[in-house]
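Here are the chains, one letter per residue:
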Amino acid sequence: RRVHGGAGFGNLPPSKKSTDRQYLDIIDGRRDKDIVVFAFRTHAHKYGVVISGWLVDDKGFWHKIAHISPQLEQTFYPTRSKMEIFKDDVIAARCAYDNYSGHVVSIGPTTEDEMCNLYLMYYTLDGKPMSQSMHFSTQESWEKTLGNVPIKVEEKSKYLTENEQRIVNMALREKAKNMQGK
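Notes on the structure follow.

Oppositely charged side chains may form a pair once their charged atoms are brought near each other. This structure, assessed with the given rule, holds six salt bridges. Here Lys156 and Glu164 are joined by a salt bridge, their closest N and O atoms 3.7 Å apart. Classification of Lys156 as partly exposed rests on a relative accessible area of 23%. On the basis of relative accessibility, which here comes to 22%, the residue Glu164 falls in the partly exposed class. Glu174 serves as the salt-bridge partner of Lys177, at 3.6 Å between the closest nitrogen and oxygen. Of this pair, Lys177 and Glu174 both sit in helix H3 (residues 162–180), three residues apart, roughly one helical turn. Through salt bridges with shared partners, a single ionic network connects Arg94, Glu154 and Lys158.

Here it is, written out as structure tokens:
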């Protein structure tokens, strides 16, 4: 199910079964300079499962920038390699959620709400600052805005691999253990 609303408003209906994963698509197409991305960070609250970021180049090819659970440590992670992103390329992000609370959860600015944030660490190719910062704007969906989304992108953006999920589970257990010790 798609989340209704945007990066700063809307809601997550409660999940009824494990296949009821909800997701929010956000898109950036407003840069005045070419950039090189070298690190990323994600942020969501307790219902966030995975956040992924993709470069969609001028030929329509999708290249993964980021893919990680927001439940892991809130820090910048290096990209697999530096990625040149030209000002006409599109950056697409998707946040996937599992809402097992039994009630509607708002998308918003408080800790009681849910969020969808993808931060990119970058520098400009000409070494001069951008006149405007990048800002992700909400669209109805990748499919409506960008057209054909490859199946592998569609699947990878909503789920963690078994190994990725194992790492998240270990981190969450360690976090819970540390909280009990305080």
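Turning next to the state of the cysteines. For the structure shown, the criterion picks out one disulfide. In this model Cys95 forms its disulfide with Cys116; the gap between the sulfur atoms is 1.9 Å. Here the disulfide of Cys95 and Cys116 is right-handed, its torsion about the S-S bond being about 75 degrees. Pair noted here: Cys95 is in strand S8 (residues 90–97) and Cys116 is in the loop between strand S9 (105–106) and strand S10 (117–124), with a separation of 21 residues, a long-range link. The pair Cys95 / Cys116 is uniform in exposure class, with both members buried.

Turning next to the nonpolar core. Counting 30 residues, the largest nonpolar core has Ile65, Ile85, Tyr97, Leu118 and Leu120 as the members making the most contacts within it. When contributions to this core are tallied by element, the ones reaching two or more residues are strand S3 (22–28), strand S4 (35–43), strand S5 (48–56), strand S6 (62–68), strand S7 (77–85), S8 and S10. For this core, the leading source of residues is S8, giving five residues. Counting nine residues, the second largest nonpolar core, distinct from the first, contains Ile27, Val90, Ala92 and Val153.

On to the packing of aromatic side chains, then. Applying the stated rule across the entire model yields three aromatic pairs. Centroid distance Phe38 to Tyr123: 6.0 Å. Interplanar angle 35 degrees. Geometry classified as tilted. Of this pair, Phe38 sits in strand S4 while Tyr123 sits in strand S10; the two residues are 85 residues apart in sequence, bridging distant segments of the chain. The class of Tyr123 is partly exposed, set by a relative accessible area of 36%. Arranged with centres 6.1 Å apart and planes meeting at 35 degrees, the rings of Phe40 and Tyr77 form a pair that is tilted. Of the two residues, Phe40 is situated in strand S4 and Tyr77 in strand S7; the sequence distance between them amounts to 37 residues.

Rules of the game
Residues numbered from 1 in each chain as written. Predicted model: local features only at pLDDT ≥ 70, side-chain atom pairs only at ≥ 80, totals over all residues. Heavy atoms only, no water. Salt bridge = Lys/Arg side-chain N within 4 Å of Asp/Glu carboxyl O. Buried < 20%, exposed > 50% of the residue type's maximum accessible area, 1.4 Å probe, protein only. Helix = DSSP H or I, 4+ residues; strand = E, 2+ residues; numbered from the N terminus. Disulfide = S-S within 2.5 Å. Core = buried A, V, L, I, M, F, W, Y, C linked by side-chain atoms within 4.5 Å. Phe/Tyr/Trp six-rings, centres within 6.5 Å; stacked < 30°, edge-to-face > 60°.

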